[in-house]
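Each chain, written out:
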Amino acid sequence: MADHGLNSAETSASWKYATPAVLLHWLLAVLIASMVGVGWYMMSIEDEPGSDWYFNMHKSFGVLVFGLVVLRILWRATHRPVPLPASLPKWQVSLSLLTQWGLYAGMILMPVLGFLGASYSKSGVAFFGILLPSWAVPDHDTAELFFGLHSALAWVLVVLVAVHAVGGLKHLLVDKDGVFQRMWF
């Protein structure tokens, strides 16, 4: 295993994220990628019969993703990871932090904007068939504003995920410095 800047008393386990953080990371990675894909697909069939099922599933999983993101943020706030190796260039550390904060902001804003858009739509928000309380009067223009922001943010999130993934792969395949393994099983 590569030297991570840890002293000999520290184990490789102390270098890694805790199991709940790893599970939440990869579960959210799969769910968010799926949500973006389904979101783009459902917009292409928006007016076709049966498209409501996709919209309802997207809303339900959006609420679920939001809950998991909140759980992940709470975990991260109470379980700080070991710092990155001191050998990493400062620009990489800065880019990593900027990307992570952008991802967290996007993971919070995406479901909030989607929820607001759906709240102002005629169909409202249901969580796997259970209609959630409505607090907004349907307003098509307001719903479209929130959905437009939701859609634009999807592209920002895709770019941030790509930067994050490329960085992780660089550490795994090029640098071979153990940074990728921090968030692996």
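For the structure itself, look to the data block above.
This text gives an overview of the structure that appears in the document. Being a predicted model, the structure only gives us computed values, none of them experimental.

Before going further, it helps to spend a moment on the overall build of the chain. Helix and strand content of the chain: five helices and two strands. Reading the secondary structure of the chain in the N-to-C direction produces α-α-α-α-β-β-α. Counting the 185 residues in the chain, one finds 35% classified as buried. Restricting to contacts in the chain with at least 6 residues of sequence separation, those with at least 24 account for 73%.

The next subject is a nonpolar patch on the surface. Together, Trp91, Leu95, Leu98, Val159 and Val163 make up a nonpolar patch on the protein surface, roughly 500 Å² of accessible area in all. Listing elements by their share of the nonpolar patch, those giving two or more residues are α4 (90-119) and α5 (140-175). Counting residues per element, the nonpolar patch draws most heavily on α4, which supplies three residues. Inspection of the secondary structure assignment puts Trp91 in helix α4.

Take the pattern of salt bridges next. Think of it this way: side chains of opposite charge can pair up when their charged atoms draw near. Under the counting rule described, the total for this entry stands at one salt bridge. Of the charged contacts, one joins Asp175 and Lys170 as a salt bridge, the two residues approaching to 2.5 Å between their closest N and O atoms.

The phi dihedral of Phe128 is positive, around 50 degrees, even though this residue is not glycine. Relative to the assigned elements, Phe128 resides in the loop between β1 (126-127) and β2 (130-131). For Phe128, a relative accessible area of 38% gives the class partly exposed. Even without glycine at this site, Lys176 takes up a positive phi of about 50 degrees. Position of Lys176 relative to the elements: it lies in the segment after α5.

This part is about the packing of α4 against α5. Two elements in contact, α4 and α5, have axes separated by 8 Å at closest approach and are oriented at 150 degrees. In terms of orientation, α4 lies roughly antiparallel with respect to α5. Considering how the two elements wind past one another, α4 and α5 form a crossing that is left-handed. Classifying every residue of the contact of α4 with α5 gives 17 nonpolar, nine polar and two charged.

Counted at 1.5 Å a residue, the expected span for α5 with its 36 residues is 52 Å, and the 50 Å between its end C-alpha atoms agrees. Within the span of α5, buried status applies to Ala143, Phe146, His150, Leu153, Ala154, Leu157, Leu160, Gly168 and His171. Looking at the buried positions of α5, the neighbouring elements they touch are α2 (19-44), α3 (51-78) and α4. Capping the start of α5 is the job of one residue whose side-chain oxygen sits 3.1 Å from the backbone nitrogen of Asp141: Asp139. In the segment just after α5, Lys176 is the residue with positive phi, at about 50 degrees.

Procedures and definitions
Residues numbered from 1 in each chain as written. Predicted model: local features only at pLDDT ≥ 70, side-chain atom pairs only at ≥ 80, totals over all residues. Heavy atoms only, no water. Helix = DSSP H or I, 4+ residues; strand = E, 2+ residues; numbered from the N terminus. Buried < 20%, exposed > 50% of the residue type's maximum accessible area, 1.4 Å probe, protein only. Contact = heavy atoms within 4.5 Å. Patch = residues over 30% accessible without salt bridge, like charges linked within 9 Å, V, L, I, M, F, W, Y side chains within 5 Å. Areas by Shrake-Rupley, 256 points an atom, 1.4 Å probe, with all protein chains shown as cover. Salt bridge = Lys/Arg side-chain N within 4 Å of Asp/Glu carboxyl O. Axes fitted to C-alpha atoms, helices over the stretch in contact; angles between N-to-C directions. Parallel < 35°, antiparallel > 145°, perpendicular 65-115°, else oblique. Left-handed = near helix turned anticlockwise from the far one by under 90°. Nonpolar A, V, L, I, M, F, W, Y, C, P; charged D, E, K, R; others polar. Expected span 1.5 Å × (residues − 1). Polar contact = N/O pair within 3.5 Å; in protein donor to acceptor, adjacent residues only side chain to side chain.

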